[in-house]
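# Chain and residue survey
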Amino acid sequence: VDSVVVERSRDSQSEAGTLQSLCWGSRYVGAAITAYFSGQLLEIMSARSIFAITALFPLLVTLFSTSIQEMKIVPNPPSDSAVSEEEPGVAERLRSQAGELFKAVTEPRVLLPMLFVLAWQATPNASTGFFYFLTNELNFRPEFLGRVQVATSIASLVGVWLYQTRLKDMPIKKVLTAITLISIPLGLSQLILINGINRQFGIPDQWFALGDDVVLSVLGEIAFMPLLVISAKVCPPGVEGTLFATLMSAFNLAGIVSQELGAALTSWLGVTESNFENLGLVVTACNLSSLLPLLLINNLDKLEEQNDARGDE
């Protein structure tokens, strides 16, 4: 799917943001539907039956893929004087694609925002300790956690919509700086739930936890969309899927680093599944660490200068 979106973006650069928004918006619609019905079906069907139904969807994707029209990519078509030369072998093609991929990833318009978002994603988070707090201390049940998942998927869809309608023409430096600064006080709002301050104002724990996850999901999606759009615009032919797989792998790796750093901090401060005395300190440290990637934000000035130069041409 990513490859097709990139190809269409190359045909119409001005529509790259719209295509990426449509693609990721569709994913989050499916995620919200799945999160909602998975809990409902589990009450009336066995787990084996649900897994059987789930296995059918990849078959539908395979069926729909037959309707996609594709053109074979030939990196270096032979000239008339070299028709008799042998076609490059598999190793040569792989080497050529690896070179194209490296060129695309090191393109400043991709590399600079990618480094910032990766650094932002890799900062430690308190999700592990906070999850135990929700389930063991506040006694949130699995069905409510399923509703939270539905809400976060819908919130991500809202983030895609906001980027498409309001933010796609804004400088990426302003977008990323604003998202970082806004996310910190919202993340620190978890301290209100940890200390039970929300109950003093009559706000149930469930509604407070739900609102926090929803807003942070919107911000995370807005931060992610500019990089996808830029990558689609500069991706060379033949490596579209590989480039986006590389980006997703990098973001997943940053997420793993974030989880591990957060788990180490949680363990160091003595927070366990039953001891939440220092959980507020963990949440504070993790959220303030999100300020560190701002040290890289000035590198995006070069990106804006490069975009202005392209616009003048």
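For the structure, check the block above.
For the structure given in this document, a descriptive report is provided here. It should be emphasised that the depicted structure is a prediction, and the values quoted were computed from it without experimental measurement. (Residues numbered from 1 in each chain as written. Predicted model: local features only at pLDDT ≥ 70, side-chain atom pairs only at ≥ 80, totals over all residues. Heavy atoms only, no water.)

## Considering the overall build of the protein chain
Put simply, the rule reads: Helix numbering and strand numbering both begin at the N terminus, where a helix is a DSSP run of H or I of at least 4 residues and a strand a DSSP run of E of at least 2. Three exposure classes are used, based on accessible area relative to the maximum for each residue type with a 1.4 Å probe and protein chains only: buried under 20%, partly exposed in between, and exposed over 50%. Any two residues whose heavy atoms approach within 4.5 Å at even a single point are treated as in contact.
Counting its secondary structure elements, the protein chain contains 14 helices and zero strands. Moving toward the C terminus, one meets the helices and strands of the protein chain in the order α-α-α-α-α-α-α-α-α-α-α-α-α-α. For the protein chain, with 313 residues in total, the buried portion stands at 37%. For the protein chain, the proportion of contacts with a sequence separation of at least 24, taken over those separated by at least 6, is 83%.

## Structural notes on the layout of surface pockets
Just so we agree on the cut-off: For cavity detection a 1 Å grid was placed over the protein atoms alone, and a set of points counts as a cavity when a 1.4 Å probe fits there but cannot get out; an open set counts as a pocket when protein lies on both sides within 12 Å along at least five of seven lines, with lining residues being those that have an atom within 4 Å of a point. Grid points are joined across faces, edges and corners, and a volume is the space filled by probe spheres set on the points. Residues are grouped as follows: nonpolar covers Ala, Val, Leu, Ile, Met, Phe, Trp, Tyr, Cys and Pro; charged covers Asp, Glu, Lys and Arg; every other residue, Gly included, is treated as polar.
Quantified by volume, the largest pocket comes out at close to 1,500 Å³. Forming the boundary of the largest pocket are 43 residues, of which Gln 121, Asn 125, Ser 127, Leu 216 and Ser 217 lie nearest the centre. Sorting the residues of the lining of the largest pocket by element identifies α5 (108-122), α6 (127-137), α7 (142-167), α8 (172-188), α11 (205-234), α12 (240-268) and α13 (279-288) as the ones contributing at least two each. Taken together, the residues that form the lining of the largest pocket break down as 21 nonpolar, 19 polar and three charged.

## Details of the packing of α8 against α13
Under the convention used in this document: Between N-to-C directions, angles cover 0 to 180 degrees, with each direction set by a line fitted to C-alpha atoms, over the stretch in contact for helices. If an angle is under 35 degrees, it is roughly parallel; if it is over 145, roughly antiparallel; if it lies from 65 to 115, roughly perpendicular; otherwise it is oblique.
Where α8 contacts α13, the two axes come as close as 9 Å, and the packing angle between them is 175°. By the angle between their axes, α8 is roughly antiparallel relative to α13. Contact with α8, carried on its side by Ser 183, Ile 184, Gly 187 and Leu 188, involves Val 283, Thr 284, Asn 287 and Leu 288 of α13 and no other residues of that element. For the contact of α8 with α13, the per-class residue count stands at four nonpolar, four polar and no charged.

## Details of the nonpolar core
Threshold: Buried Ala, Val, Leu, Ile, Met, Phe, Trp, Tyr and Cys residues that are joined via side-chain atoms within 4.5 Å together make up what is termed a nonpolar core.
Judged by nonpolar contacts, the single largest core of 38 residues is most densely connected at Trp 24, Leu 176, Ile 179 and Phe 251. Elements represented by at least two residues in this core include exactly α2 (16-44), α4 (90-105), α5, α7, α8, α11 and α12. Apart from residues no more than four positions distant in its own chain, Phe 251 is found in contact with Val 117, Leu 118, Gln 121, Phe 224 and Leu 227. Of all hydrophobic cores here, the second largest spans 20 residues; its members include Leu 138, Phe 208, Leu 279 and Val 282.

## Remarks on the environment of Ile 297
Mapped onto the fold, Ile 297 is located in the loop between α13 and α14 (300-312). Residue Ile 297 is classed as buried on the basis of its relative accessible area, which comes to 8%. Spatially, the C-alpha atoms of Ile 297 and Leu 112 are 8.8 Å apart, while their sequence positions differ by 185 residues. Excluding anything up to four places from it in sequence, Ile 297 contacts Phe 116, Lys 173, Leu 176 and Thr 177.

## Regarding the packing of α5 against α8
Packing of α5 against α8 leaves a shortest axis separation of 11 Å and a crossing angle of 5°. Relative to α8, the element α5 lies roughly parallel. Residues Pro 113, Phe 116, Val 117 and Trp 120 of α5 form the contact with α8, whose participating residues are Ile 172, Leu 176, Ile 179, Thr 180 and Ser 183. For the contact of α5 with α8, the per-class residue count stands at seven nonpolar, two polar and no charged.

## Observations regarding the pattern of salt bridges
Going by this rule: By definition, a salt bridge exists where a carboxyl oxygen of Asp or Glu is found within 4 Å of a side-chain nitrogen of Lys or Arg.
The full count for this structure, using the stated rule, is two salt bridges. We note a salt bridge from Glu 92 to Arg 95, for which the minimum N-O separation is 2.6 Å. Taken together, the residues span about one helical turn, with Glu 92 and Arg 95 both in helix α4 at a distance of three residues. Exposure remark for Glu 92: the relative accessible area of 40% places this residue in the partly exposed category. Among the salt bridges present, the one from Arg 199 reaches Asp 205, with a minimum N-O distance of 3.1 Å.

## A few points about unusual backbone geometry
A positive phi angle is found at Asn 139, which is not glycine, with a value near 60°. Take Asn 139: it is sitting in the loop between α6 and α7. Judged by relative accessible area, Asn 139 falls into the partly exposed class, the value being 47%.

## Topic: α4
Stated precisely, the cut-off is as follows: Here, expected helix span is obtained from the residue count minus one, scaled by 1.5 Å. This arc is built from the directions going out from the helix axis to the C-beta atoms.
With 16 residues, α4 should cover 22 Å at 1.5 Å per step; its first-to-last C-alpha distance of 22 Å lies within 8% of that length. Along α4, the positions that sit buried rather than exposed are Leu 101, Ala 104 and Val 105. Down the axis, α4 shows its buried residues gathered within 90° of arc, on one side only. Looking at α4, the residues exposed on the side facing more than 90 degrees away from the buried face are Ala 91, Arg 95, Phe 102 and Lys 103.

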